[in-house]
Amino acid sequence: MWYNTFTLKKRKNNVTDPPPIGRTFGYCRVSTRQQSERGHSLEDQRIRIGGYCQANGLPQVTEFYVDAATSGSTGLQRRQAGKRLLAEATAGDHICVTKGDRLFRSAKNALEIAEVLRERGVELHLMDMGGPVLNSSVSRLVFGILMMVANMEAERIGERTAAVKEHRRELGFYVGGPVPAGYVKTDDGRISKDAKWDANLKLMKEMAREGQSSRVIAAEMTSLRNMPMSHVTVLSILANER
């Protein structure tokens, strides 16, 4: 009787509690340029993450961490929601993202964050790479290679975009940013010289010779000549005309 009681107690003491069920966090990000583009919207990302969790037996998403109108060039640790996500995730938790470029700034940044999450015991799910990417040495190797390829492709796209914009700028098209003083944007998307520019430039020079300050000249152009500009722009224009 004594032996049986001891054995039962010993067996009872050896029983370990089951590991805690981790939480699931979704991370979504859009840049200003991508907000209205198909496949990048916040709502689309939420729906896809929810569907992925349901299909793969993960707990329902505890919370979505959303960085709206945030550039991908900003590191996750510096984003408002990304910073909170890294602080909240603990061992057993899952982080789900539709695409790696939603989360990471570069291939190097991806490997750094992946290592932090792995050491903490957090599983990272990248849907565009098939799911979990940290649960084995092979998946981590494939993840690293794919992120470097994705980073190279993103850089190539950026280079091609910059080249196209430069070519259109040389042809006289408006490609973004402030329109130079003395020019206007036409209906066909080009930049052309303002018909009033020569007369206004002549007046600016005359006012400067009379000793009028750049602020007075800027006010004249803005309020009376319907050509808004700052006093800094006035100084720059007059300096270039010397």
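Let us look at the structure shown here. (Residues numbered from 1 in each chain as written. Predicted model: local features only at pLDDT ≥ 70, side-chain atom pairs only at ≥ 80, totals over all residues. Heavy atoms only, no water.)

Before going further, it helps to spend a moment on the packing of aromatic side chains. Inspection of every chain in the model, using the stated rule, returns one aromatic pair. A ring pair is formed by Phe-25 and Tyr-65, whose centres lie 5.6 Å apart and whose planes are at 80°; its orientation type is edge-to-face. Taken together, the residues Phe-25 in strand 1 (residues 24–29) and Tyr-65 in strand 2 (residues 61–67) connect sequence positions 40 residues apart. Exposure remark for Phe-25: the relative accessible area of 1% places this residue in the buried category. Tyr-65 sits in the buried class, given a relative accessible area of 3%. (Phe/Tyr/Trp six-rings, centres within 6.5 Å; stacked < 30°, edge-to-face > 60°. Helix = DSSP H or I, 4+ residues; strand = E, 2+ residues; numbered from the N terminus. Buried < 20%, exposed > 50% of the residue type's maximum accessible area, 1.4 Å probe, protein only.)

So, on to the pattern of salt bridges. The final tally for this structure, using the stated rule, is eight salt bridges. For Arg-23, the salt bridge goes to Glu-88, with nearest N and O atoms at 2.6 Å. In this pair, Arg-23 sits in the loop between helix 1 (2–14) and strand 1 while Glu-88 sits in helix 3 (residues 80–88), placing the two residues 65 residues apart along the sequence. Overall, Arg-23 belongs to the partly exposed group, its relative accessible area being 27%. Residues participating in the shared-partner salt-bridge network are Arg-23, Glu-88 and Asp-93. (Salt bridge = Lys/Arg side-chain N within 4 Å of Asp/Glu carboxyl O.)

Before going further, it helps to spend a moment on the sheet that holds strand 2. As summarised here, the arrangement of the five strands in space is 2-1-3-4-5, forming an open sheet in which the pairing is mixed. The open sheet is flanked by strand 2 and strand 5 (131–132), the only strands paired with a single partner. Strand direction decides the pairing type here: strand 1 and strand 2, joined by six bridges, are parallel. Its bridge partner being in strand 2, Phe-25 is matched across the sheet by Glu-63. (Pairing = 2+ DSSP bridges.)

Bringing the environment of Lys-165 into the picture now. Within the secondary structure layout, Lys-165 lies in helix 6 (residues 137–170). For Lys-165, a relative accessible area of 37% gives the class partly exposed. Residues Lys-165 and Val-175 lie 10 residues apart in sequence; the distance between their C-alpha atoms is 6.2 Å.

Counting 22 residues, the largest nonpolar core has Ile-95, Phe-104, Leu-117 and Leu-124 as its most contacted members. Going through the elements one at a time, strand 1, helix 3, strand 3 (94–97), helix 5 (107–120) and strand 4 (123–126) are the ones with two or more residues in this core. Here the element with the most residues in this core is helix 5; it accounts for four residues. Setting aside residues up to four positions removed in sequence, Leu-124 forms contacts with Ile-95, Val-97, Leu-103, Phe-104, Leu-117, Gly-131, Pro-132, Val-133 and Leu-134. Counting residues in each nonpolar core, the second largest holds 13 residues, with Met-207, Ile-217, Met-229 and Ile-237 among its members. (Core = buried A, V, L, I, M, F, W, Y, C linked by side-chain atoms within 4.5 Å. Contact = heavy atoms within 4.5 Å.)

A separate point is the packing of helix 7 (residues 197–209) against helix 9 (residues 231–240). Axis separation between helix 7 and helix 9 bottoms out at 11 Å; the angle between their running directions is 90°. Classified by the angle their axes make, helix 7 and helix 9 are roughly perpendicular. When helix 7 is examined against helix 9, the residues Trp-197, Leu-201, Met-204, Lys-205 and Ala-208 are found in contact with a partner set consisting of Val-234, Ile-237 and Leu-238. (Axes fitted to C-alpha atoms, helices over the stretch in contact; angles between N-to-C directions. Parallel < 35°, antiparallel > 145°, perpendicular 65-115°, else oblique.)

What follows covers helix 7. Here helix 7 spans 18 Å end to end across 13 residues, near enough to the 18 Å set by a 1.5 Å rise per residue. Here helix 7 has its buried residues at Trp-197, Asn-200, Leu-201, Leu-203, Met-204 and Met-207. For helix 7, the arc enclosing every buried residue in end-on projection is 160°, short of the 170-degree limit, so these residues lie on one face. Away from its buried face, by an angle of more than 90 degrees, helix 7 presents the exposed residues Lys-202 and Arg-209. Structurally, helix 7 contributes buried residues whose contacts are with strand 7 (191–193), helix 8 (214–224) and helix 9. (Expected span 1.5 Å × (residues − 1). Arc of directions from axis to C-beta.)

Another point: the packing of helix 7 against helix 8. Axis separation between helix 7 and helix 8 bottoms out at 10 Å; the angle between their running directions is 155°. For the element pair helix 7 / helix 8, the angle class is roughly antiparallel. Between helix 7 and helix 8 the crossing geometry is right-handed. Packed against helix 7, whose contacting residues are Asn-200, Leu-203, Met-204, Met-207 and Ala-208, the element helix 8 presents Val-216, Ile-217, Glu-220 and Met-221 at the interface. (Left-handed = near helix turned anticlockwise from the far one by under 90°.)

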